[in-house]
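Okay, here's what each chain looks like letter by letter:
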Amino acid sequence: MTPQLELRGLVAGYGATEILHGIDLRVASGGVTALLGANGAGKTTTLRAVSGLIRPHAGDILLDGKSLLKRSASQIAALGVGHVPDGRGTISELSVEENLQTGGYLLKGRDALHSRMEQMFVWFPILKQRLRQQAGTLSGGEQQMLAIARAMIARPRLLLLDEPSFGIAPLVVRQIFDTLREINRKDGIGVLLIEQNAALALDIAGDAYVLENGRVAVHGASADLKNDAAVRRSYLGG
Amino acid sequence: MNQFTIFLQQVGGGVSTGIIYGSIALALVVIYQSTHKINFAQGEMAMFSTYIAWSMMQAGLPYWVVFVLTVGVAFLLGAVVERFVIRPLADTPVLGVVIVFIGLLLIFNSMAGALFGHNMREFPSPFEGQFKWGAGIMGSHQIGAIAVCLVMLCLVYVFFAFTRFGLAMRAAAFSPQSSLLCGIPVPLMLTLGWGGASAIGAVAGMMVAPVVYLDPHMMTGILLYAFAGALLGGLSNPWGAVLGGVLVGIIENILGAYVIGTELKMTVALMLILAVLVFRPQGLLGRRLVVRV
């Protein structure tokens, strides 16, 4: 079975600085994979390389077996990669509705946009209530929901999430993760999830990679990692 | 002619020139919003486009055909300049980009002189004698110019507020990264934005040329007024820019007629710029930007 996403020997960074020194990673079709590790390990850099915001120095990135290397970020989005970046990426100056419409840029036709927006309201009803509000005035949790909706509205096949729980109240985090679980279950969308909260991540993910200094230090099924005391102590905060 | 009529004439004239300033101000703000830089060559590009219109008219083409063609050519001109001059400057520090803008200003100015000569030329107005209801306050061309600019501004508004493409352009200006992730081709949006701004400038040029006569320095002063208008309205608000331009037009005329005389009119623009920057940098309708350093 071709993995939905495969990174082979990915070397990437910013300008002359190399952050990733050769990453091998796989997300199974319809699977949820967690990407863990300390700050500066290269997790965000990995996601940015996949979505095309940065160009790799070496290695390959394959989506359903096809290389993404020569493509621009907007082309990669058109291929079905949805990226919710760190900092959420919502456009504060635009309204909630306009943010969703921007997310739906690739959709063909008014009807497609409307039906997808309705689906977003099913998952995140608060967005319908705040439809005309400026996105910058939403609470952190609401902005995170909007950010996810923006990425999901165009029907991506692969969802990249960068620390969706960051700065959000635990109750809202639970809501968001329940929705993510459902999205993955019902639509079979593959998910690559960065999370500081390792327990939360291992709960939803089938397997996890732990990055350390730009390399994969550990990879295994979530259940195994959770039960491995050594791994827990070294990488997951005990 | 009583005093009140004269006053109305000054205001009416101010609105007419002001809406032209406002159109150029709009072009400046549209580019500013997407690049955070002021295109100092905006006026010269508009002047150059007006010369192109003039040449087509010399060749015998009817006015409105020339009008439409010039708008198209100006659009292409702006798009080409962005694609081949501005885009390669993506990583250049601000000062370098400003120097390039000034270079463009000089290039367009000199090219116009070299290709079309430095003599003042008459530029026809399609509105002469058309509108009888100026009631002695506003001339036909002034009314026509206001109408044309209003229609153009309405079209721009509808484009940005109600079309998918217009929204994509606004998104690309506010947040290029987020827009890329939505599949929006951000570099293309920038190119088209420059094209649109150039086209707006060309319309403004064609509306102002019958009044001030066409010569390579036609737009130098107007760019200053437009810049004052953009600042007065607030650089973060395109419609503030239009309002600012109209206000500058009215203020310029009133002060010029009653207070300081017509020779110091341009000083008014400079003083306005100073006053805005000192007392209220965000302008009348702009937002205060607070930056953590």
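Going by the structure above, here's the rest.
Reference entry: report on the structure contained in this document. (Residues numbered from 1 in each chain as written. Chains lettered and ligands numbered in written order. Predicted model: local features only at pLDDT ≥ 70, side-chain atom pairs only at ≥ 80, totals over all residues.)

1. Some points on the nonpolar core
Point 1. Counting 156 residues, the largest nonpolar core has A:A149, A:L193, B:I24, B:A25, B:L28 and B:A226 as its most contacted members.
Point 2. With 14 residues, helix α8 (residues 186-212) of chain B is the largest single contributor of residues to this core.
Point 3. Those residues in contact with A:L193, other than ones at most four positions away along the chain, are A:V32, A:A34, A:L35, A:L161, A:A201 and A:A205. (Core = buried A, V, L, I, M, F, W, Y, C linked by C-beta atoms within 7 Å. Buried ≥ 20, exposed ≤ 12 C-beta atoms within 10 Å, placed from the backbone. Helix = DSSP H or I, 4+ residues; strand = E, 2+ residues; numbered from the N terminus. Contact = placed C-beta atoms within 7 Å.)

2. Quick word on the packing of helix α1 (residues 3-35) of chain B against α8(B)
Residue and element names in this part refer to chain B.
Point 1. It is at 9 Å that the axes of α1 and α8 come closest, and there the two elements cross at 170°. Relative to α8, the element α1 lies roughly antiparallel. The crossing of α1 and α8 is left-handed. Of the residues in α8, those in contact with I20, S23, I24, L26, A27, V30, I31 and S34 of α1 are L190, G193, W194, G196, A197, I200, G201, V203, A204, M207 and V208.
Point 2. For the contact of α1 with α8, the per-class residue count stands at 14 nonpolar, 5 polar and no charged. (Axes fitted to C-alpha atoms, helices over the stretch in contact; angles between N-to-C directions. Parallel < 35°, antiparallel > 145°, perpendicular 65-115°, else oblique. Left-handed = near helix turned anticlockwise from the far one by under 90°. Nonpolar A, V, L, I, M, F, W, Y, C, P; charged D, E, K, R; others polar.)

3. Structural notes on the interface of chain B and chain A
Point 1. With 16 residues of chain B at the interface, the matching set in chain A holds 20 residues.
Point 2. Among the elements of the structure, α6 (164-174) and α7 (176-181) of chain B are those that each provide at least two residues to the side of chain B that touches chain A.
Point 3. Classifying every residue of the side of chain B that touches chain A gives 10 nonpolar, 5 polar and 1 charged.

4. So, the sheet that holds strand β3 (residues 32-37) of chain A
All names here are of chain A.
Point 1. Ordered by their spatial adjacency, 6 strands build an open sheet running β6-β7-β8-β3-β9-β10, and the pairing between neighbours is mixed. Each having just a single partner strand, β6 (81-84) and β10 (215-221) make up the two edges of the open sheet. With strand direction ignored, the average angle separating the axes of adjacent strands in the sheet is 15°.
Point 2. In terms of strand pairing, strand β9 (residues 207-212) meets β10 through 6 bridges, oriented antiparallel. Following the sheet pairing, Y209 is matched in β10 by H219.
Point 3. Strand contacts of helix α6 (residues 140-152): β6 and β7 (158-162), with the helix running at about 165° to β6, the strand carrying the most contacts. (Pairing = 2+ DSSP bridges.)

5. Some details on the sheet that holds strand β1 (residues 5-14) of chain A
Residues and elements named next belong to chain A.
Point 1. Judged by pairing direction, the sheet is antiparallel, and its 4 strands sit side by side in the order β2-β1-β4-β5 without closing on themselves. Taken across any chain shown, the strands that pair with only one partner, and hence form the sheet edges, are β2 (17-27) and β5 (66-67).
Point 2. Sitting on the sheet, helix α1 (residues 43-51) is in contact with β1, β2 and β4 (58-63), with an inclination near 110° to β1.

6. Thoughts on the environment of B:E122
All names here are of chain B.
Point 1. With respect to the element layout, E122 can be found in the loop between α4 (94-116) and α5 (140-162).
Point 2. Exposure remark for E122: the 10 C-beta atoms within 10 Å place this residue in the exposed category.
Point 3. Placed 93 residues apart in sequence, E122 and D215 show a C-alpha to C-alpha distance of 9.1 Å.

7. Things to note about helix α7 (residues 170-187) of chain A
Residues and elements named next belong to chain A.
Point 1. Taking 1.5 Å per residue as the helical rise, α7 with its 18 residues ought to reach 26 Å, and the 25 Å between its terminal C-alpha atoms agrees with that figure.
Point 2. By the burial criterion, the buried members of α7 are I176, L180 and N184. Down the axis of α7, the sector holding all buried residues measures 75°, keeping them to one side. Looking at α7, the residues exposed on the side facing more than 90 degrees away from the buried face are L171, D178, E182, R185 and K186.
Point 3. Buried positions along α7 lie against β3, α6, β8 (190-194) and α8 (198-204).
Point 4. G188 occupies a position one or two residues after α7 and carries a positive phi of about 60°. (Expected span 1.5 Å × (residues − 1). Arc of directions from axis to C-beta.)

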